[in-house]
Amino acid sequence: MDLPKTADVVIIGGGVVGCSIAYHLARRGARDVLVLERDAVGAGTTSKAAGGIRAQFPTEAEIRFSLEAIRVFERFEEEFGVDPGYRKIGYLFLISESEDLRGYESRVALQQSLGVDVRIIAPSEAKALVPALHVDDLIAAVWGPDDGMAGPAEVTNAFARRARELGARIVEGVDVTGIEIQGGRATAVVTASGTVGTRVVVNAAGPAAARVGRLAGVDLPVHPRRRHIFFTEPFPEIPGPVPLTTDRASGFYFRKEMEQVLLSPGDVEDVGDDFDVAVDRAKIGETVEKAIHRLPILEKARISGGWAGLRPLTPDDHAIIGWAPGVEGFFVAVGFGGHGFQHSPTTGRVVSEWLVDGAPSMDLSLFAPDRFARGQSAAHDTGPDAE
Ligand SMILES: Cc1cc2nc3c(=O)[nH]c(=O)nc-3n(C[C@H](O)[C@H](O)[C@H](O)COP(=O)(O)OP(=O)(O)OC[C@H]3O[C@@H](n4cnc5c(N)ncnc54)[C@H](O)[C@@H]3O)c2cc1C
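Residues numbered from 1 in each chain as written. Predicted model: local features only at pLDDT ≥ 70, side-chain atom pairs only at ≥ 80, totals over all residues. Heavy atoms only, no water.

Let's talk about the overall build of the protein chain
Thought 1: When helices and strands are tallied, the protein chain shows nine helices and 18 strands.
Thought 2: For the protein chain, whose C-alpha radius of gyration is 21 Å, the value lies close to the compact-globule estimate of 21 Å for 387 residues.
Thought 3: With respect to the principal axes defined by its C-alpha atoms, the protein chain has extents near 65 × 40 × 40 Å.
Thought 4: Burial status across the protein chain gives 57% buried among its 387 residues. (Helix = DSSP H or I, 4+ residues; strand = E, 2+ residues; numbered from the N terminus. Rg over C-alpha atoms; globule rule 2.2 N^0.38 Å. Buried < 20%, exposed > 50% of the residue type's maximum accessible area, 1.4 Å probe, protein only.)

Structure representation (structure tokens):
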């Protein structure tokens, strides 16, 4: 598709976030929406996600994001005509420190007050859920049976297809290299294939969000950090489905994917890149060590592959959503860390409300882009960040 000369809204980034925004904008009646994707739709960090979906978040805004997203995933096939592979496998957090448990107690109370089915259970109950677990060093676990998983590629492609059907244009293979500012307002995006004039530029560039922010002179504290996922050969000794289970002491997590077991060491590493990352095979040793501690039977398993991706982290682990300070017409929806996939349905809806109706229908102050400059950012969970 040729690059148009103008568009009402230009979204930079065709990942799950950009495609959800495009779909929701088009659904809300925006007629002239253009997504520019330097690679292919969904080829960015969305393609690396584990697909986890949980309502177990530490803040009301994020819990509400999850509850709405879960409702979307539940009727996804009805709305989009595509099976997203959604399954309620549950999320299980394994706890070994009393301070960590105290943090969970207050977060679980908040989640329950908002209607989430989540409870603190004994280690023996965790073992009943996943018999292969070693639980002797645990003091508790947290179980959310309504949490689950779905396929990031299926969901992203469904957003993109429906956005196109509703009139949005998505152009792949176009790298945005500049944002023109006139009189303090974003007026165009610059690419090697031409310039597109616009009223609104949306930064949905995932791990490249800070770089895209700089094109408009806006400083965004989005830090891409590498995380690995490895998978075993078919391993029927741990029968599925198993919950997405995170060991809070080590950050290690696992779940079943068909006959294989997916294993992540829970690594958070600055590799100095915001685009692509290589797999570090040295991470296999760390992963296997953490895995065998928690699931001794995995000693019999063989790793058959793996991948690494970049999670766009912020200093307080909350996303950044809103108008960028200092440049009119420049909107950001970035910094989703390990939860951008699962929060994409709600993100798309609230951003479309903001851009079409002038304001979102829910309180998004948690995600305010200027909170860091105002010294008002606060992390609500200091443990290892789950997906
Ligand atoms: C190992 C791992 C496991 C994860 N597990 C989960 C999980 O279980 N659940 C969950 O919810 N999330 C998970 N995540 C996080 C999730 O993948 C991200 O939060 C989410 O995909 C972010 O989506 P995005 O659209 O913002 O980014 P992306 O998918 O990266 O999309 C941004 C797009 O912008 C494009 N782009 C960048 N710069 C430009 C430019 N200048 N011009 C044009 N295009 C540009 C990129 O090519 C890219 O396609 C995981 C991440 C990793 C790495």
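Observations regarding the layout of surface pockets
Thought 1: Approximately 270 Å³ is the volume attributed to the second largest pocket.
Thought 2: In this structure, the second largest pocket is lined by 19 residues; those nearest its centre are Ala 150, Gly 151, Pro 152, Arg 255 and Glu 257.
Thought 3: Those elements that provide at least two residues to the lining of the second largest pocket are helix H6 (152-165), strand S14 (253-257) and strand S15 (260-264).
Thought 4: Tallying contributions element by element places H6 first for the lining of the second largest pocket, with three residues. (1 Å grid on protein atoms, 1.4 Å probe; cavity = no way out; pocket = protein on both sides within 12 Å on 5 of 7 lines; lining within 4 Å. Points joined across faces, edges and corners; volume = space filled by probe spheres on them.)

Observations regarding empty space enclosed by the protein
Thought 1: Considering all chains together, one arrives at one cavity of 30 Å³ or more under this definition.
Thought 2: Of the volumes computed, that of the largest cavity is approximately 300 Å³.
Thought 3: What lines the largest cavity is a set of 28 residues, among which Arg 54, Pro 58, Asp 381, Asp 385 and Ala 386 lie closest to the centre.
Thought 4: When residues of the lining of the largest cavity are traced back to their parent elements, those giving at least two are helix H4 (98-113) and strand S16 (303-313).
Thought 5: In terms of residue class, the lining of the largest cavity is built from nine nonpolar, 10 polar and nine charged. (Nonpolar A, V, L, I, M, F, W, Y, C, P; charged D, E, K, R; others polar.)

Examining the sheet that holds strand S4 (residues 91-95)
Thought 1: Strands sit in the order S5-S6-S4-S13-S14-S15-S12-S16 across an open sheet of eight strands; the sheet is mixed. Of all strands in the sheet, those with a lone pairing partner are strand S5 (119-121) and S16, marking the two edges. Sheet twist, expressed as the average angle between the axes of neighbouring strands with direction ignored, equals 25°. (Pairing = 2+ DSSP bridges. Axes fitted to C-alpha atoms, helices over the stretch in contact; angles between N-to-C directions.)

Comments concerning the nonpolar core
Thought 1: Core analysis: the biggest nonpolar cluster contains 71 residues, and Ile 11, Phe 73 and Ile 321 have the highest contact counts within it.
Thought 2: The contacts of Phe 73, once residues within four sequence positions are left out, are Ile 53, Pro 84, Tyr 86, Ala 150, Val 155, Phe 341, Gln 342 and Pro 345.
Thought 3: Grouped together as the second largest cluster of nonpolar side chains are 28 residues, Val 171, Ala 186, Ala 324 and Val 334 included. (Core = buried A, V, L, I, M, F, W, Y, C linked by side-chain atoms within 4.5 Å. Contact = heavy atoms within 4.5 Å.)

Things to note about the environment of Cys 19
Thought 1: Here Cys 19 shows up in helix H1 (residues 16-27).
Thought 2: Owing to a relative accessible area of 0%, Cys 19 belongs among the buried residues under this scheme.
Thought 3: With 204 residues separating them in the primary sequence, Cys 19 and His 223 have C-alpha atoms 22 Å apart.
Thought 4: Filtering out sequence-adjacent residues up to four positions away, Cys 19 remains in contact with Gly 14, Val 41, Thr 156, Phe 159 and Ala 160.

As for the packing of aromatic side chains
Thought 1: Summed over the entire model, instances satisfying the criterion amount to 15 aromatic pairs.
Thought 2: With centroids separated by 6.3 Å and ring planes inclined at 25°, the aromatic side chains of Phe 73 and Phe 76 adopt a geometry described as stacked.
Thought 3: Owing to a relative accessible area of 2%, Phe 73 belongs among the buried residues under this scheme.
Thought 4: Geometrically, the ring pair formed by Phe 80 and Phe 159 is edge-to-face, given 5.4 Å between the ring centres and 85° between the ring planes. Here Phe 80 is found in helix H3 (residues 76-80), whereas its partner Phe 159 is found in helix H6, with 79 residues between them in sequence. (Phe/Tyr/Trp six-rings, centres within 6.5 Å; stacked < 30°, edge-to-face > 60°.)

Looking at the pattern of salt bridges
Thought 1: What the rule picks out here adds up to 34 salt bridges.
Thought 2: We note a salt bridge from Glu 165 to Arg 161, for which the minimum N-O separation is 3.3 Å. One end of the pair is Glu 165 and the other is Arg 161, both in helix H6 and four residues apart, which spans about a single turn.
Thought 3: Exposure remark for Arg 161: the relative accessible area of 38% places this residue in the partly exposed category.
Thought 4: Salt-bridge contacts for Arg 294 lead to Asp 247; the nearest nitrogen and oxygen are separated by 2.8 Å. Here the residue Arg 294 occupies a position in helix H8 (residues 283-294), and Asp 247 occupies one in strand S13 (residues 244-247), the gap between them amounting to 47 residues.
Thought 5: Judged by relative accessible area, which is 1%, Arg 294 ranks as buried.
Thought 6: Given the relative accessible area of 2%, Asp 247 is considered buried.
Thought 7: Residues participating in the shared-partner salt-bridge network are Arg 226, Glu 269, Asp 280, Lys 283, Glu 286 and Lys 290. (Salt bridge = Lys/Arg side-chain N within 4 Å of Asp/Glu carboxyl O.)

A word on the site of the ligand
Thought 1: Around the ligand sit 40 residues, and of these Glu 37, Thr 46, Gly 52, Gly 337 and Gln 342 come closest.
Thought 2: Between the ligand and the protein, one listed contact pairs an oxygen atom with a backbone N or O atom of Gly 340 at 3.0 Å.
Thought 3: Within the backbone of Phe 341, an N or O atom sits 3.1 Å from an oxygen atom of the ligand.
Thought 4: Elements represented by at least two residues in the shell around the ligand include exactly H1, strand S2 (33-37), strand S12 (223-232) and S16.
Thought 5: In terms of residue count, S16 provides more of the shell around the ligand than any other element does, three residues in total. (Near = heavy atom within 4 Å. Polar contact = N/O pair within 3.5 Å; in protein donor to acceptor, adjacent residues only side chain to side chain.)

A short note on the side chain of Ser 352
Thought 1: With respect to the helices and strands, Ser 352 occurs in helix H9 (residues 344-357).
Thought 2: Setting aside chain neighbours within four positions, we find Ser 352 in contact with His 24, Leu 25, Arg 28 and Asp 357.

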